[in-house]
Amino acid sequence: MSDKIEAMLRQAITDARSAGDLPAFEVDELGVERPADSSNGDWTSTVALRSARPAHMSPARIASAIVAHMPESPSLSRVEIAGPGFINFYLSAASNNEVFRTICEQGEDYGRSNLGGGAKYQVEFISANPVGPLHIGHGRWAALGDSLCNVLEHAGYDVEREYYINDHGSQMDVFGHSISKRYLQLLGIMAEHGCSADDAREVLLADRAAFVGDAEDERPDDHPLMDQFNAALGGNAYGGDYIVDLAFRFYALDGDSRRDDSEDARCASFRERGYQMMLESIRDTCHTARCDFDVWFSERTLYEKGEDGSSPVDRALAKLDELGYLYRDDEGALWFHSTAFGDDKDRVLIKTNGEYTYFASDVAYHWNKFQRVGHVIDIWGADHHGYIQRVESACDALGYPGEFEVLLGQLVNLLRNGTPVRMSKRKGTMVTFEELLDEVGVDATRYTLISKSSNQMIDFDIEQAKKQDNTNPVYYVQYAHARICSILRRGAGVTAEEAVEQGMDAVAARAVGSDYDLGLLTEPVELTLARKLSEFPAVVEGCARDRAPFRLTHYAEELASDFHAFYTVCQVLPGKDRPVEPALSRARLAAVDAARRVLALTLGLIGVSAPQSM
């Protein structure tokens, strides 16, 4: 409809000029948009305000000339001038309601656009080290990243989802040594007490539980094994229960055959196999959260030598050197001249001892990305804010200015009935993302984690998210969808079981039919529902353009509220002592079905299911 209004405005301006009512002036932007208050029309234009200076006329005179020459259209009931020169357009009931038919005809394609023009985008998110399970912070990146990809695809972008596996570096050795030490402790307990591996595992877990409960470390006698573990590794260890579980699994596979291995050999074995197990666990958790990736990219591959003896890291640094952006200091360290691109200081790539920095990996990794896609979006935690400029500088230097962007996400505060859930990095305690999904469910978890802008902290109350009443936003929206499905089933005369078998689209087609008159829908709540549904395409484009999929939760709740208001006022199906004209019933069923489709679309874009029954 906005295109039609723009066309009418341009015709009116042309006719006003021909009649001598307006001077010649350039008109680039007509400012056609939805007013926040529907009392100001269904659409409004600020063209008169924008044209005042080039036309050397007051906005009010310009608006009057445009409206005087506005062509007749059955789509409009009236056009009015408001305030200093706003031109407000009020749609006819038939035109306003036509969106119901459009949605029913387009189905899942409603709201699709060519905003992205098929541009190849890559979104990289989560990318947690494969040395432990995902936590709730990773869960937020999963919900944000996957939802953003869905929105970008609906807006016409070609999207690739990528997970960067940080499997190169010292953290992998720490992981291997942590499992190795727990394995030796397991064997020691079995030998000392003559017990089974199961019993020894319970001893280790009980000792760790005592350590976690001793917040101030005031009772070291209660947790000697944990203290021994930390002391043996110099405090640089992964101490969660999952490390004990991995050690137990390796005993089940290897028995005590690793006891006499050298520490390095035992560490290497446990590191590599433990890494594969953790990566499999991460993949499974992501899949459970409906967050599957197109590419799992291993950092290690950046250091693998090719036939020419060079690695991707070597080639990326050689490229920067060729471009003149590398230099060595007096001690032999290799530096990137990032200050040439706005960074506050130059960044080291290879240390004096020949060790590559993490930044060297990132340079090579992002160069690799740009060999595959045209634009890169990374989702990082807010604590990585200071890292953005150096990576952006490297991308600019490599020839991709403006094609790299970062979305920063704030933390998640986990609560239970308003009380913070205690977690400690030092103690190795956390609620895993998998545990949260198991307890709360995928729908409520994803909806809650995507419900606010990424630059805002989220208070995730486990008990609130589990509630099945209208105080829980996801339940409120899903209930609206289920209620609609119930209406359509009754309209079609089918059972819930038959609807599942036939599919709701077929049920809706049977209930609505193909012949319905949308001009019969004149109640204010009907017009409001149509207006809300017509906003969906613009909402999706805005979410894609601004990288803000959280807005879809707000839209879903507003749409659910508008539907409930519509259903309260408007009789859809005839009931006992409550007749309704068949033609009006069919028209309202079409409106109901359109609301169903858009609610399902909205929920689908954020990875939440749209149940037919609740």
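Quick caveat, the model's predicted, so the values are computed rather than measured. (Residues numbered from 1 in each chain as written. Predicted model: local features only at pLDDT ≥ 70, side-chain atom pairs only at ≥ 80, totals over all residues. Heavy atoms only, no water.)

1. Observations regarding the overall build of the chain
Here comes step 1: In terms of regular secondary structure, the chain is built from 23 helices and 15 strands.
Here comes step 2: Taken over the C-alpha atoms alone, the chain extends approximately 95 × 70 × 50 Å along its principal axes.
Here comes step 3: Looking at the chain as a whole, 51% of its 614 residues are labelled buried.
Here comes step 4: Contacts spanning at least 24 positions in sequence make up 70% of the contacts within the chain whose residues lie at least 6 apart.
Here comes step 5: Only carbon and sulfur atoms are counted for the fraction: they give 47% of the accessible area of the chain, which is about 27,500 Å².
Here comes step 6: Each charge sign in the chain was given a centre, from 61 positive and 96 negative side chains, and these centres are 3 Å apart. (Helix = DSSP H or I, 4+ residues; strand = E, 2+ residues; numbered from the N terminus. Buried < 20%, exposed > 50% of the residue type's maximum accessible area, 1.4 Å probe, protein only. Contact = heavy atoms within 4.5 Å. Areas by Shrake-Rupley, 256 points an atom, 1.4 Å probe, with all protein chains shown as cover. Lys, Arg positive; Asp, Glu negative; His and termini not counted. Charge placed at Lys NZ, Arg CZ, Asp CG, Glu CD.)

2. Description of a negative patch on the surface
Here comes step 1: A contiguous patch of negative charge, built from E280, D284, E434, E435 and D438, is present on the exposed surface.
Here comes step 2: Contributing elements (two or more residues each) for the negative patch: α10 (263-288) and α14 (433-440).
Here comes step 3: Here the element with the most residues in the negative patch is α14; it accounts for three residues.
Here comes step 4: In this structure, D438 sits in helix α14.
Here comes step 5: Under the relative-accessibility criterion, D438 is labelled exposed at 62%. (Patch = residues over 30% accessible without salt bridge, like charges linked within 9 Å, V, L, I, M, F, W, Y side chains within 5 Å. Salt bridge = Lys/Arg side-chain N within 4 Å of Asp/Glu carboxyl O.)

3. Topic: the sheet that holds strand β10 (residues 347-350)
Here comes step 1: Strand order in this open sheet of three strands is β8-β9-β10, and the pairing throughout is antiparallel. Single-partner strands in this sheet number two, and they are β8 (326-328) and β10. The average angle at which neighbouring strand axes cross in this sheet is 40°, direction not considered.
Here comes step 2: In this sheet, strand β9 (residues 334-336) lies alongside β8 in antiparallel orientation, the contact comprising three bridges. Paired with R328 across the bridge in β9 is L334. (Pairing = 2+ DSSP bridges. Axes fitted to C-alpha atoms, helices over the stretch in contact; angles between N-to-C directions.)

4. Observations regarding the pattern of salt bridges
Here comes step 1: Under the defined criterion, the tally for this structure stands at 45 salt bridges.
Here comes step 2: One salt bridge in this structure joins R531 and E535, with 3.5 Å as the shortest N-O distance.
Here comes step 3: For E535, a relative accessible area of 17% gives the class buried.
Here comes step 4: A salt bridge links E535 to K532; the nearest nitrogen and oxygen atoms lie 3.1 Å apart.
Here comes step 5: The network of salt bridges with shared partners includes D42, R531, K532, E535 and E558.

5. A few points about the sheet that holds strand β1 (residues 32-33)
As a general point, the strands of a sheet are linked pairwise by backbone hydrogen bonds and lie either parallel or antiparallel.
Here comes step 1: Across the sheet, four strands lie side by side as β1-β2-β4-β3; this open sheet has antiparallel pairing. Only two strands of the sheet have a single neighbouring strand rather than two, namely β1 and β3 (76-82).
Here comes step 2: Here three bridges tie strand β2 (residues 43-45) to strand β4 (residues 86-91), and the two strands are oriented antiparallel to one another. Residue pairing across strands places W43 opposite F89, the latter belonging to β4.
Here comes step 3: Strands in contact with helix α3 (residues 59-68) are β3 and β4; relative to β3, the strand with the most contacts, it is inclined by about 165°.

6. Observations concerning the packing of aromatic side chains
Here comes step 1: A complete count under the given rule lists 25 aromatic pairs for this structure.
Here comes step 2: For the ring pair Y163 and F293, a centre distance of 5.4 Å and an interplane angle of 90° mean the geometry is edge-to-face. You can see Y163 sitting in strand β6 (residues 158-165) and its partner F293 sitting in the loop between α10 and β7 (295-298), a full 130 residues away along the chain. For the pair Y163 and F293, one class covers both residues: buried.
Here comes step 3: Ring geometry for F563 against Y567: centres 6.0 Å apart, planes inclined by 15°, an arrangement best described as stacked. (Phe/Tyr/Trp six-rings, centres within 6.5 Å; stacked < 30°, edge-to-face > 60°.)

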